[in-house]
Amino acid sequence: MRYDFGVYFAQELGNRLGPATDSWPETAQRVAPFLTIVVDTMGVDDGLRWFEAVREAHQRVTEAECEDTYNFGFARYLDTATRTYEDTALPVVAAFEALKGAYEVARRGRRVDIDVYFECAAQACS
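All values reported here derive from a predicted model rather than from experimental measurement. (Residues numbered from 1 in each chain as written. Predicted model: local features only at pLDDT ≥ 70, side-chain atom pairs only at ≥ 80, totals over all residues. Heavy atoms only, no water.)

Q: Looking at this structure, how should I read helix H6 (residues 114-125)?
A: Because the α-helix completes a turn every 3.6 residues, residues three or four places apart line up on one side. Taking 1.5 Å per residue as the helical rise, H6 with its 12 residues ought to reach 16 Å, and the 18 Å between its terminal C-alpha atoms agrees with that figure. Regarding H6, the residues found buried are Ile114, Asp115, Val116, Tyr117, Phe118, Cys120, Ala121, Ala122, Ala124 and Cys125. Those residues of H6 that are buried are in contact with helix H1 (5-17), helix H2 (27-42), helix H3 (44-67) and helix H5 (90-107). (Helix = DSSP H or I, 4+ residues; strand = E, 2+ residues; numbered from the N terminus. Expected span 1.5 Å × (residues − 1). Buried < 20%, exposed > 50% of the residue type's maximum accessible area, 1.4 Å probe, protein only. Contact = heavy atoms within 4.5 Å.)

Q: So what exactly am I meant to see when it comes to unusual backbone geometry here?
A: Peptide bonds are trans in most cases, and residues, glycine excluded, mostly fall at negative phi. Positive phi values are uncommon outside glycine, yet Asp68 reaches one of about 55°. The phi dihedral of Arg83 falls on the positive side, at around 60°, and the residue is not glycine.

Q: For this particular structure, what's the right way to read the packing of aromatic side chains?
A: For any pair of aromatic rings, geometry is given as the distance between the ring centres together with the angle between the planes. Applying the stated rule across the entire model yields 5 aromatic pairs. Ring geometry for Phe74 against Tyr103: centres 3.7 Å apart, planes inclined by 0°, an arrangement best described as stacked. Here Phe74, found in helix H4 (residues 74-82), pairs with Tyr103, found in helix H5; they are 29 residues apart in sequence, far enough to count as distant. As far as burial versus exposure is concerned, Phe74 and Tyr103 are alike and both buried. Cluster of aromatic residues (ring-pair linked, three or more members): Phe5, Phe9 and Phe51. (Phe/Tyr/Trp six-rings, centres within 6.5 Å; stacked < 30°, edge-to-face > 60°.)

Q: Would you explain the state of the cysteines in this entry?
A: In protein structure, a disulfide is the covalent linkage between the sulfur atoms of two cysteines. One pass over the structure, following the stated rule, counts 0 disulfides. For Cys125, which is in no disulfide, the shortest distance to another cysteine sulfur is to Cys120 and amounts to 11 Å. Given the relative accessible area of 7%, Cys125 is considered buried. (Disulfide = S-S within 2.5 Å.)

Q: Explanation requested: the packing of H3 against H4 in the structure shown.
A: Angle between the axes and distance between the axes are the two parameters that describe a pair of packed helices. Where H3 meets H4, the closest approach of the two axes is 8 Å, and the angle between their N-to-C directions is 140°. In terms of orientation, H3 and H4 fall into the oblique class. Handedness of the H3/H4 crossing: right-handed. From H3, Arg49, Trp50, Ala53, Val54, Glu56, Ala57, His58, Arg60, Val61 and Ala64 reach across to H4, where they touch Phe74, Tyr77, Leu78, Thr80, Ala81 and Thr82. Classifying every residue of the contact of H3 with H4 gives 10 nonpolar, 3 polar and 3 charged. (Axes fitted to C-alpha atoms, helices over the stretch in contact; angles between N-to-C directions. Parallel < 35°, antiparallel > 145°, perpendicular 65-115°, else oblique. Left-handed = near helix turned anticlockwise from the far one by under 90°. Nonpolar A, V, L, I, M, F, W, Y, C, P; charged D, E, K, R; others polar.)

Structure, rendered in structure tokens:
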């Protein structure tokens, strides 16, 4: 049986944003397919690890912006947190690129903190 990440992710979003999906930010439906790619290619356990790495990378970006220090950018922080530079296998590259896409889409939303999506994704894997 295949793990249906999308269902669990939607449940977690419902817990955070409320059950009325029409009130959710538009970015929620755009981010979900990217996050599903991560779980489909890496599996649930590694997906959880990657979602935690995204939260760490996002935190580093936010800290650099707040402290007005040099910011290496989300992709570099994600690369370091996931150790992607050590493994260029197709699933790793697919997950890495999907998370960069999800992050870019999530940044466009004004009504929800980016971290909410990745926290919900991590919860959906646990």
